[in-house]
Amino acid sequence: MAKITRALISVSDKTGVVEFSKELAGYGVEILSTGGTAKLLREAGLTVKDVSEFTGFPEMLDGRVKTLHPKVHGGLLGMRSNPEHVAKMKEHGIENIDMVVVNLYPFEATVAKGCELEDAIENIDIGGPTMLRSAAKNYPDVTVLVDCADYALVLDEMKAAGGAVSSKTNFGLAVKVFQHTAAYDGAISNYLGARLGEAVESYPATFTIQVKKAQDLRYGENPQQSAAFYVDRDISEPCVSNAVQLQGKELSFNNIIDLDAAIETVKEFEASAAVIIKHTNPCGAALAESPLSAYLKARECDPVSAFGGIVGFNREVDADTAKELTSTFLEAVIAPGYSQEALDIFTAKKNVRVMQVPLLGEYCPGGYDLKKVVGGLLVQGRDLGMVRAAECRVVTERTPTASEYEALDFAWRVCKHVKSNAIVFTSRDQTVGIGAGQMSRVDSSRIAVQKALLPTRGTVLASDAFFPFRDGVDAAAEAGVTAIIQPGGSVRDEEVIKAANEHGIAMVFTGMRHFRH
C-alpha cells in the first residue's frame, strides 16, 4: 500500500474538488492540473503544476491535446513492482502519478438540452477517459476517482493509513471507472448512431444501455427466480426508481412493478388523485378535493380487489388519509410527501411499505420503454401521448355534453394505464367498472359491468383501442353508458357508429391508441 505522492486533477464537475485538493496538499501530495481546474485551485491558494510543465509539451489544438503524452500515461501505467517498468521509466524521465481525479465533459447533459452535431462532438472527452482507463488498469498502484462522492472515502483511508490507499479500495474505484466510461461511450454511440438514419430520431444499429443496481431482491415474480432492481444513472423525473422507502418490509419484484403503475397513473392528473393498483392494473381511481376523499372514492369501485393493493397519490398524504389507509391491509403507498402525523400513524402498520417520490412539479418525461424477450430486446418511446376529449372528433349524431367531456377526459387517462383489452366505465371523477387484460373487447366490457358495485347508468366508457364489432357498444348501452371515447380506425367503424346512434350514445374518436400489453 504505497503512499500518494502525486495526483493529477482535471474535472468538469468541480463539486468538492477544492476541499479535496487541500486535504491532499496536507499530505504533501504534488498536484498536477489543467485549464479551469488549475485556475480554480490556484485561486484557492494551492500550489499547482500545469500538466504541460510536467510533460514539457504544450497544450495544443484548441485544448484537444492536453494529457495525451507518455509522461502522463507512463506515470499511470508503469507497474511499481516490475523492475523493467521502473528502469524504463527512469531511462525516459517518467515520474509516477499515484492518483487521478477526473470527471468527463458533460456529453449527455449537452445533447439532452438539444444541440448541433458540432457541439456534441466537441463535448466528447478523449483525454479524460484515456487517463481514467490507464489509471484503473493499474489499480494496484494508482488511485482513480471519477465520482466526487468518493472523495471522503479516500480521505478517510489516507488518514487511517498515513496518506496511502489500499489496493482493495483502488480496485473498487477502478471498477467504477470502467462502468462510468462504458456508460459514457454508450451514450455517444447511441447519439451518433441515431444520426446515421434518415429519420431525425432513428434507432441506432446497436443500442447500449447502462443502469446501476439499486438493490438485490429476495426473489423475482416467483420464489424460484432470482432478481435485482436496477435504475437509470441520472433520474430527474419523479418515479418509482428515485422513490425513497420511509418504512416497511423490503420491496419485492412485484411491489416495484405495481408502485410504478400507481405513480405513473396519478401523474396523469392535475387535480388531487388516488389510484389503487392490483397486479399492475388500476382497480379503482378517483379525483377529489383531498387525498382522503379521492382514496375513498377509488376504493368504492372494487373494495374486494383493493384489499392487499398498492395505493398511489399525487398529493401529500395527511393524517386523516393515513388513518384510513391503515384501517385495511395494503402492501404499499406511494406519494410525493407525507405529513409527520401521517408517518407516525403508519408506524402502527410497520410492514406497510411507505414510498416517497420527489415533488410532482415541472419535469420533462422522456426515455425509452424496454421489453425483454428471450434473445432480444424491444425498444420504443414511452407512451406519453394524450389528447383531451374536447379535441377529439365527434363521430355520432349527438355531441357529448360538458359534463360528459369532463368524464371522458378522466376515463381516457385511467384507461391508458389498464392492461389491454381495456374497458373503463367512469363518472366524471370516479371509476365505476374496469375490465382488463381480456382476449375479447366485449368480454372486457361485460367484466367491467359485472364488477361494478356503483350504478353504471349515466357513466361514460373509454376503450384503449377501437371496437372491432358493434357488440361492445351494445353491451355499453345495456349498462347505461351515455358517451364513449375510443381511438377509432376499425374497418367496421361505420357499424360501430351506427350502433352508438341507435342507442343515443355520443362517441368521439381520439385517433390515438393506448395498448398496454
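This report concerns the structure included in the present document. (Residues numbered from 1 in each chain as written. Predicted model: local features only at pLDDT ≥ 70, side-chain atom pairs only at ≥ 80, totals over all residues. Heavy atoms only, no water.)

Focus on the overall build of the chain
We count it as follows: Note on conventions: DSSP H or I runs of at least 4 residues are helices, E runs of at least 2 residues are strands, and numbering of each starts at the N terminus. When checking whether two residues touch, look at their non-hydrogen atoms; a contact exists if any pair is within 4.5 Å. Every accessible area reported is derived by Shrake-Rupley at a probe size of 1.4 Å, with residue values counting cover from the shown protein chains alone.
Broken down by element type, the chain carries 19 helices and 21 strands. Principal-axis analysis of the C-alpha atoms gives the chain an extent of 95 × 60 × 45 Å. Once local pairs closer than 6 in sequence are excluded, the contacts in the chain between residues at least 24 apart make up 55%. For the chain, the accessible area works out to roughly 25100 Å², and carbon and sulfur atoms hold 52% of it.

A look at helix α5 (residues 83–91)
Going by this rule: The definition of a polar contact used here is a pair of N or O atoms within 3.5 Å, where within protein one atom must be able to donate a hydrogen and the other to accept one, and adjacent residues in sequence count solely through side-chain atom pairs.
Of the residues flanking the start of α5, the one acting as N-cap is Asn82, its side-chain oxygen 2.9 Å from the backbone nitrogen of Glu84. Where α5 terminates, the next one or two residues include Gly93, which has phi positive at roughly 65°.

So, a nonpolar patch on the surface
The line we're drawing: Residues enter patches when they are more than 30% accessible in relative terms and free of salt bridges; like-charged ones are connected within 9 Å and nonpolar ones (Val, Leu, Ile, Met, Phe, Trp, Tyr) within 5 Å. When a carboxyl oxygen of Asp or Glu lies within 4 Å of a side-chain nitrogen of Lys or Arg, that pair is called a salt bridge. A 1.4 Å probe rolled over the protein chains alone gives each residue an accessible area, and that area as a share of the maximum for its type sets the label: buried under 20%, exposed over 50%, partly exposed in between.
A contiguous nonpolar surface patch, about 480 Å² in accessible area, is contributed by Tyr203, Ile209, Tyr368, Leu370 and Leu377. Along the chain, the position of Leu370 falls in strand β14 (residues 368–373). Residue classification places Leu370 among the partly exposed residues on the basis of a relative accessible area of 35%.

Structural notes on the sheet that holds strand β5 (residues 143–145)
We count it as follows: For two strands to be treated as a pair, DSSP must find at least two bridges joining them.
One open sheet accounts for five strands, arranged β3-β2-β1-β4-β5; its pairing is parallel. In this open sheet, the two edge strands, each paired with only one partner strand, are β3 (49–50) and β5.

What about the sheet that holds strand β19 (residues 460–463)?
Using the following cut-off: In this analysis, axes come from line fits to C-alpha atoms, helices being fitted only over the stretch in contact, and the angle between any two N-to-C directions falls in the range 0 to 180 degrees.
Reading across the sheet, the six strands line up as β16-β21-β20-β19-β17-β18 and stay open at both edges, with mixed pairing between neighbours. Each edge of the open sheet carries a strand with a single partner, namely β16 (393–394) and β18 (431–435). Helix-sheet contacts for helix α16 (residues 402–415) involve β16, β17 (423–426), β18, β19, β20 (483–486) and β21 (506–509), and the interaxial angle to β19 is about 35°.

Quick word on the packing of helix α1 (residues 17–26) against helix α9 (residues 151–160)
Filter applied, for reference: Geometric relationships in this document are graded by angle, where less than 35 degrees denotes roughly parallel, more than 145 denotes roughly antiparallel, 65 to 115 denotes roughly perpendicular, and other angles denote oblique. By the definition used in this description, the sense in which the near helix is turned from the far one sets the handedness, with an anticlockwise turn below a right angle giving left-handed and a clockwise turn giving right-handed. In the scheme used here, Gly and all other residues not listed as nonpolar or charged are polar, with Ala, Val, Leu, Ile, Met, Phe, Trp, Tyr, Cys and Pro taken as nonpolar and Asp, Glu, Lys and Arg as charged.
For the pair α1 and α9, interaxial distance at closest approach is 11 Å and the crossing angle is 15°. The pairing of α1 with α9 is recorded here as roughly parallel in orientation. For the element pair α1 and α9, the recorded crossing hand is left-handed. Two secondary-structure elements touch here, α1 through Val17, Phe20, Glu23 and Leu24 and α9 through Tyr151, Leu155 and Met158. Taken together, the residues of the contact of α1 with α9 sort by class into six nonpolar, no polar and one charged.

A short note on the pairing of strand β1 (residues 6–11)
Definition in use: A clockwise course of the path from the first strand over the helix to the second, judged with the strands pointing away from the viewer, identifies a crossover as right-handed.
Of all six residues making up β1, six are buried, and the element is well covered by its neighbours. Residues Arg6, Leu8 and Ser10 point to one face of β1 and Ala7, Ile9 and Val11 to the other, with burial holding for every one of them. Across four bridges, the pairing between β1 and strand β2 (residues 30–33) is parallel. For Arg6, the partnering residue across the bridge sits in β2 and is Glu30. With α1 bridging β1 and the parallel β2, this β-α-β connection has right-handed handedness. Sheet topology note: the β1/strand β4 (residues 99–103) ladder contains five bridges and is parallel. Note that in β4 the partner of Ala7 across the bridge is Met99.

Here we look at the environment of Lys90
Looking at the secondary structure, you find Lys90 in helix α5. Note: C-alpha distance between Lys90 and Ser236 (146 residues apart in sequence) is 49 Å.

As for the side chain of Asn314
When you line up the elements, Asn314 lands in the loop between β11 (310–313) and α14 (319–325). The exposure class assigned to Asn314 is buried, which follows from its relative accessible area of 6%. Among the polar contacts made by the side chain of Asn314, one reaches the main-chain carbonyl oxygen of Val266 at a distance of 3.4 Å. Only 3.1 Å separates the side chain of Asn314 from the backbone oxygen of Phe269, close enough to count as a polar contact. Other than its neighbours up to four places away in sequence, Asn314 contacts Val266, Phe269, Glu270, Ala271, Ser272, Ala273, Pro336 and Leu360.

A few points about the nonpolar core
Our working definition: The definition of a nonpolar core used throughout is a set of buried Ala, Val, Leu, Ile, Met, Phe, Trp, Tyr and Cys residues joined through side-chain atoms within 4.5 Å.
In this structure, Leu259, Ile334, Leu408, Val414 and Ile485 are the most contacted members of the largest nonpolar core, which totals 46 residues. No other element matches the eight residues that α16 contributes to this core. If sequence neighbours within four positions are ignored, Ile334 has contacts with Val240, Ala243, Leu259, Ala262, Ile263, Val311, Gly312, Phe313, Met355 and Val357. Of all hydrophobic cores here, the second largest spans 26 residues; its members include Val102, Phe107, Ala120 and Ala174.

A short note on the state of the cysteines
Put simply, the test is: Pairs of cysteine sulfur atoms within 2.5 Å are identified as disulfides in what follows.
With the rule as written, the count across this model stands at zero disulfides. Residue Cys392 stays outside any disulfide, its sulfur separated by 12 Å from that of Cys415, the closest cysteine. On the basis of relative accessible area, Cys415 is assigned to the buried category, the value being 0%.

Side note on the environment of Thr181
Relative to the helices and strands, Thr181 resides in helix α10 (residues 167–193). Since its relative accessible area comes to 3%, Thr181 is described here as buried. Sequence spacing of Thr181 and Ser252 is 71 residues, and the spatial spacing of their C-alpha atoms is 31 Å. Non-local contacts of Thr181, meaning those with residues more than four positions away in its chain, are made with Pro129, Leu132 and Arg133. Side-chain polar atoms of Thr181 contact the backbone oxygen of Phe178, separated by 3.3 Å.

Overview of the pattern of salt bridges
Overall, the coordinates contain 30 salt bridges when judged by the stated rule. Here Glu30 ties to Lys49 by a salt bridge, and the two come within 3.2 Å at their closest N and O atoms. Highlighted residues: Glu30 in strand β2 and Lys49 in strand β3, separated in sequence by 19 residues. Residue Glu30 is classed as partly exposed on the basis of its relative accessible area of 25%.

A word on the packing of helix α4 (residues 70–77) against helix α8 (residues 127–137)
As a packed pair, α4 and α8 sit with axes 8 Å apart at the nearest point and diverge in direction by 30°. Considered as vectors, α4 and α8 are oriented roughly parallel to each other. Contact with α4, carried on its side by Val72, His73, Leu76 and Leu77, involves Thr130, Met131, Ser134, Ala135 and Lys137 of α8 and no other residues of that element. Residues belonging to the contact of α4 with α8 are distributed by class as follows: five nonpolar, three polar and one charged.

Keep in mind these numbers describe shape, not what the thing actually does.
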